[in-house]
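Residues per chain, in single letters:
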Amino acid sequence: MIRDGGARLTELTWTEKSAADFVSDIDVAAEGRIREVLEQHEPGATILGEELSPGAATDALTFVVDPLDGTTNFLHGYPVYSVSIAAMVDGVLQAGVVLDVPRNVTFTATRDGGAFRDGSPIAVSRETLPGRALVGTGFPFKHRQHITPFLAQFAAVMSTTAGVRRAGSAALDLADVACGRFDAFWELMLAPWDIAAGMLLVREAGGVVTDLDGAEAPVDHTALVAGGPAMHAWLLDTLRAADGRATPLPEPQA
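On a predicted model such as this, the values are computed, not experimentally measured, just so you know.

Let us look at the environment of phenylalanine 150. When you line up the elements, phenylalanine 150 lands in helix H4 (residues 147-158). For phenylalanine 150, a relative accessible area of 3% puts it in the buried group. The spacing of phenylalanine 150 and threonine 137 is 13 residues in sequence and 9.9 Å in space, taken between C-alpha atoms. Those residues in contact with phenylalanine 150 that lie beyond four places of it in its chain are Thr137, Gly138, Phe139, Pro140, Trp186 and Leu188.

If you want it as structure tokens, here you go:
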């Protein structure tokens with residue numbers, strides 16, 4: 001459905017949910033189709049989705065669904081967007097899948113079962129030197145009160161690393177951390193459907209995912225810092241220092 005929509009972008013209807021935050025008929029239709037399939041296999045499960053059911057997770061089986069992560073990219077024909085679905089039981093992530101739609105690559109993870117790209121095991125980067133690190137981020141385009149602190153953080157990270165990238169799909173950013181393309185990633189506010197599957201991917205690939213306080217990140221509306229153990233620790237401390245909350249760690253020596 002999404003690929004078909006991508007071939008007829010000029011025909012799609014899309015509206016503005018809030019400033020710079022769009023939804024198209026493809027987002028809504030894709031979530032409806034995902035809901036139909038999930039309810040066939042797991043009747044009675046809670047479905048927490050971005051477009052049709054933005055409620056809350058329950059203690060029972062809950063599916064957390066982003067039917068099209070990277071809608072603005074999709075609507076402009078920029079080939080970075082994904083589908084993200086995670087399963088939680090009693091509030092604990094159990095399984096997740098992120099489909100890179102344009103590249104037709106599937107990332108999967110199960111609790112204590114590892115993380116995979118098209119069936120092959122993946123692992124986070126082992127990089128320890130910030131000067132060699134490629135870091136992903138997301139701009140606070142929906143939460144513009146975060147622009148000023150983000151710019152301070154961005155300057156601190158950009159001045160110390162090999163580069164910073166902003167692709168536009170948090171689910172894929174986390175998949176890129178899980179497979180080692182990004183050494184680390186941060187964003188100041190994300191929704192549960194943006195991150196649920198990607199969080200499990202990173203953790204099962206040997207990485208760390210926390211909030212800005214260093215606590216285990218919840219499947220909720222939250223800031224997120226993710227990476228391999230060494231780069232996560234460095235990035236977290238760098239971000240907190242940019243906020244005036246901590247002293248940065250010295251750069252590790254080779």
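After presenting the structure, the write-up continues.
With respect to topology, seven strands assemble into an open sheet ordered S3-S4-S5-S6-S7-S8-S9, the strand pairing being mixed. Sheet topology places strand S3 (46-49) and strand S9 (120-121) at the edges, where each strand pairs with a single neighbour. For S3 and strand S4 (residues 62-69), the ladder comprises four bridges, and the chain directions are parallel. Pairing of glycine 49 across the sheet is with valine 65, part of S4. Sheet strands touched by helix H6 (residues 192-204): S3, S4, strand S5 (82-89), strand S6 (92-100), strand S7 (105-110) and strand S8 (114-117). Its angle to S6, the strand with the most contacts, is close to 100 degrees.

Inspection of the secondary structure puts phenylalanine 63 in strand S4. Take phenylalanine 63: its relative accessible area is 10%, and that puts it in the buried class. Spatially, the C-alpha atoms of phenylalanine 63 and methionine 88 are 6.3 Å apart, while their sequence positions differ by 25 residues.

Turning to the side chain of threonine 161, a few remarks are in order. Mapped onto the fold, threonine 161 is located in the loop between H4 and strand S11 (163-165). Look at threonine 161 and you get buried, because its relative accessible area is 11%. Separated by 2.9 Å, the side chain of threonine 161 and the backbone oxygen of valine 157 make a polar contact. When near neighbours in sequence (up to four residues on either side) are disregarded, threonine 161 contacts Pro130, Gly131, Ala133, Val135 and Trp234.

The phi angle at aspartate 112 is positive, at roughly 65 degrees, despite the residue not being glycine. Along the chain, aspartate 112 turns up in the loop between S7 and S8.

Further remarks concern the nonpolar core. The biggest cluster of nonpolar side chains holds 38 residues, and the ones touching the most others in it are Phe107, Leu201, Val202 and Leu224. Put simply, the parts of the chain that give this core at least two residues each are S5, S6, S7, helix H5 (170-178), strand S12 (184-190), H6 and strand S14 (222-227). Of all the elements, H6 adds the most residues to this core, at eight residues. Beyond its immediate chain neighbours, meaning those up to four positions away, valine 202 contacts Val124, Leu174, Val177, Ala178, Gly207, Val208, Val209, Ala226 and Gly227. In terms of nonpolar packing, the next biggest core, distinct from the first, is built from 18 residues, Ile26, Leu38, Ile47 and Ala87 among them.

Taken over all residues, the pLDDT of the chain has a mean of 90, while the share at 70 or more is 89%. Low pLDDT, under 50, characterises residues 247-254; the stretch is placed with 14 contacts to residues that sit more than four places away or in other chains.

As summarised here, the arrangement of the five strands in space is S11-S10-S12-S14-S13, forming an open sheet in which the pairing is mixed. Across the chains shown, the open sheet's two edge strands, defined by having one partner strand only, are S11 and strand S13 (208-210). Pairs of neighbouring strands in the sheet enclose a mean axial angle of 15 degrees, with direction left out of account. In this sheet, S11 lies alongside strand S10 (residues 134-137) in parallel orientation, the contact comprising three bridges. When the bridges of S11 are listed, glycine 136 appears paired with arginine 165. Here H5 sits on the sheet and contacts S10, S12 and S14; the angle it forms with S12, its principal contact strand, is near 155 degrees.

Let's shift gears to the packing of H5 against H6. In contact at an axis separation of 8 Å, H5 and H6 are set at 0 degrees when each is read in the N-to-C sense. It follows that H5 is roughly parallel to H6 by the angle criterion. Counting all contacts with H5, which are made through Ala170, Ala171, Leu174, Ala175, Val177 and Ala178, the residues of H6 involved are Asp194, Ile195, Gly198, Met199, Leu201 and Val202. Within the contact of H5 with H6, the residues separate by chemical class into ten nonpolar, one polar and one charged.

Within S14, six of the six residues are buried, leaving the element largely enclosed by the surrounding structure. A two-sided burial pattern is seen for S14, the buried positions comprising Thr222, Leu224 and Ala226 on one face and Ala223, Val225 and Gly227 on the other. Sheet topology note: the S12/S14 ladder contains five bridges and is antiparallel. Across the sheet, residue alanine 184 finds its bridge partner in S14, namely glycine 227.

Here is what the cut-offs are and how they apply
Residues numbered from 1 in each chain as written. Predicted model: local features only at pLDDT ≥ 70, side-chain atom pairs only at ≥ 80, totals over all residues. Heavy atoms only, no water. Helix = DSSP H or I, 4+ residues; strand = E, 2+ residues; numbered from the N terminus. Buried < 20%, exposed > 50% of the residue type's maximum accessible area, 1.4 Å probe, protein only. Contact = heavy atoms within 4.5 Å. Pairing = 2+ DSSP bridges. Axes fitted to C-alpha atoms, helices over the stretch in contact; angles between N-to-C directions. Polar contact = N/O pair within 3.5 Å; in protein donor to acceptor, adjacent residues only side chain to side chain. Core = buried A, V, L, I, M, F, W, Y, C linked by side-chain atoms within 4.5 Å. pLDDT = per-residue confidence, 0-100. Parallel < 35°, antiparallel > 145°, perpendicular 65-115°, else oblique. Nonpolar A, V, L, I, M, F, W, Y, C, P; charged D, E, K, R; others polar.

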